[in-house]
Amino acid sequence: MPRRRPSPDTDDTIAHLDSETRLFVATTAARRSALELRGAAAFTAVTQALMELRADLRIVDLAARAIAEEIHHSSVYLSVARAYARDEVPAPRPEPIDIPLYPSAGADGERLLRVVGMCSINETMACSFLELCLEGATAPRVREGLRGVLEDEIRHARIGWAYLGSPDVGDAERRLVSEWLQPMLQAQWRGWCDQIATLPVGERVEHGCPSGAAIERAARASVRDLVLPGFARAGVDVAKAVEWFERAAN
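Being a predicted model, the structure only gives us computed values, none of them experimental.

### A look at the environment of Leu 101
When you line up the elements, Leu 101 lands in the loop between α2 (57-84) and α3 (107-136). The spatial distance from the C-alpha of Leu 101 to the C-alpha of Arg 114 is 8.3 Å, given a sequence separation of 13 residues.

Here it is, written out as structure tokens:
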């Protein structure tokens with residue numbers, strides 16, 4: 001009779017790990033659980049922006065679904081944290097976030113930039129981060145969770161690219177994005193670097209926890225190979241953003 005593969009929920013390999021590894025993974029997963037709730041708050045703002053922009057209903061629907069999906073991601077990471085931890089891991093609570101402001105962009109301009117900054121930049125970078133985590137992960141429970149989160153994040157990134165490529169975005173809107181791309185990219189890059197700087201020293205690659213240095217390399221490659229070319233293909237002038245990034249990320 002063929003042997004059944006253990007499901008992620010019954011993975012008993014965790015019990016045989018050393019305490020230091022279990023604490024490292026549990027702490028990392030708990031941290032990600034809290035960050036995903038911030039993502040849910042961000043997509044609440046993105047959905048509102050798309051509604052007010054009267055965007056295509058299919059794009060609005062993707063953004064609205066992303067709120068619940070980010071909350072689900074939080075529960076996925078919390079489940080991983082609790083599986084690895086020896087002590088109780090409390091569930092994070094939703095907290096308000098600071099919504100980016102874009103002075104002089106105008107009301108609709110701010111809405112457009114909010115969608116583009118959160119989705120086209122941040123979520124594209126998040127996909128590269130998750131691909132890095134999944135690439136080295138061998139632990140069943142972690143792989144299962146990362147795979148599901150990545151599938152959702154790919155859709156979340158597409159929200160920004162879909163709106164940027166829609167008939168609602170004309171030459172004036174592309175000029176606005178061109179003007180604000182470097183400041184938006186700078187803010188997103190700073191946010192990623194700030195998060196990386198607070199990561200614990202070390203790595204547990206097989207449990208989906210790469211080192212801070214590896215995450216920074218993946219983030220750099222994501223901006224260089226995906227984010228900036230994506231804006232260029234959408235008709236956005238990326239020259240200033242490229243010039244800044246080449247100085248800042250090297």
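### Description of the environment of Ala 42
Of note, Ala 42 is situated in helix α1 (residues 19-52). The buried category is assigned to Ala 42, whose relative accessible area is 13%. Once the C-alpha coordinates of Ala 42 and Ile 99 are considered, the two residues, 57 residues apart in sequence, prove to be 7.6 Å apart. If we ignore the near neighbours within four places in the chain, the residues touching Ala 42 are Ile 97 and Met 118.

### Observations concerning the packing of helix α5 (residues 171-197) against helix α7 (residues 239-248)
Packed helices, taken two at a time, are described by their axes: the angle between them and the distance between them. Where α5 meets α7, the closest approach of the two axes is 8 Å, and the angle between their N-to-C directions is 30 degrees. Taken together, α5 and α7 sit at an angle that is classed as roughly parallel. For the pair α5 and α7, the crossing hand works out as right-handed. When α5 is examined against α7, the residues Leu 181, Gln 182, Leu 185, Gln 186 and Trp 189 are found in contact with a partner set consisting of Lys 240, Ala 241, Trp 244, Phe 245 and Ala 248. Counted by class, the contact of α5 with α7 contains 7 nonpolar, 2 polar and 1 charged residues.

### With respect to the pattern of salt bridges
Counting across every chain of the model gives 14 salt bridges. Note that Arg 204 and Glu 20 form a salt bridge whose closest N and O atoms lie 3.6 Å from each other. In this pair, Arg 204 sits in the loop between α5 and α6 (212-233) while Glu 20 sits in helix α1, placing the two residues 184 residues apart along the sequence. Arg 204 sits in the buried class, given a relative accessible area of 15%. Judged by relative accessible area, which is 58%, Glu 20 ranks as exposed. Here Arg 220 ties to Glu 216 by a salt bridge, and the two come within 3.2 Å at their closest N and O atoms. In this pair, Arg 220 and Glu 216 are both assigned in helix α6, 4 residues apart and thus about one turn of the helix distant. Taken together, the shared-partner salt bridges in this structure form one network comprising Glu 52, Asp 108 and Arg 111.

### Section: α2
Spanning 28 residues, α2 covers 41 Å between terminal C-alpha atoms, matching the ideal 40 Å at 1.5 Å per step. Sitting at the amino-terminal end of α2 is Asp 56, which places a side-chain oxygen 2.8 Å from the backbone nitrogen of Arg 58.

Rules of the game
- Positions within a chain are numbered from 1, following the residues in the order the chain's sequence is written.
- Totals for whole chains, interfaces and linings use all residues, but because this is a predicted model, local features are given only for residues with pLDDT of at least 70 and pairs of side-chain atoms are given and counted only at 80 or more.
- Heavy atoms throughout the structure, all of them, feed into the side-chain values; hydrogens and water do not.
- For the purposes of this entry, the term helix denotes a DSSP run of H or I that reaches at least four residues, the term strand denotes a run of E that reaches at least two, and both are numbered from the N terminus.
- Throughout this description, buried means an accessible area under 20% of the type-specific maximum (1.4 Å probe, protein chains only), exposed means over 50%, and partly exposed covers the range between.
- Should any heavy atoms of two residues lie within 4.5 Å, those residues are counted as being in contact.
- Axes, fitted as lines to C-alpha atoms, cover a helix only where it is in contact. Angles between the N-to-C directions of the axes lie from 0 to 180 degrees.
- An angle below 35 degrees is treated as roughly parallel, one above 145 as roughly antiparallel, one from 65 to 115 as roughly perpendicular, and anything else as oblique.
- Should the near helix be turned counterclockwise from the far one by less than a right angle, the crossing is left-handed, whereas a clockwise turn marks it as right-handed.
- For this scheme, ten residues count as nonpolar: Ala, Val, Leu, Ile, Met, Phe, Trp, Tyr, Cys and Pro. Four count as charged, namely Asp, Glu, Lys and Arg, and the remainder, Gly too, count as polar.
- A pairing counts as a salt bridge when a side-chain nitrogen of Lys or Arg comes within 4 Å of a carboxyl oxygen of Asp or Glu.
- In this scheme, a helix's expected span is set at 1.5 Å multiplied by one less than its residue total.
- The definition of a polar contact used here is a pair of N or O atoms within 3.5 Å, where within protein one atom must be able to donate a hydrogen and the other to accept one, and adjacent residues in sequence count solely through side-chain atom pairs.

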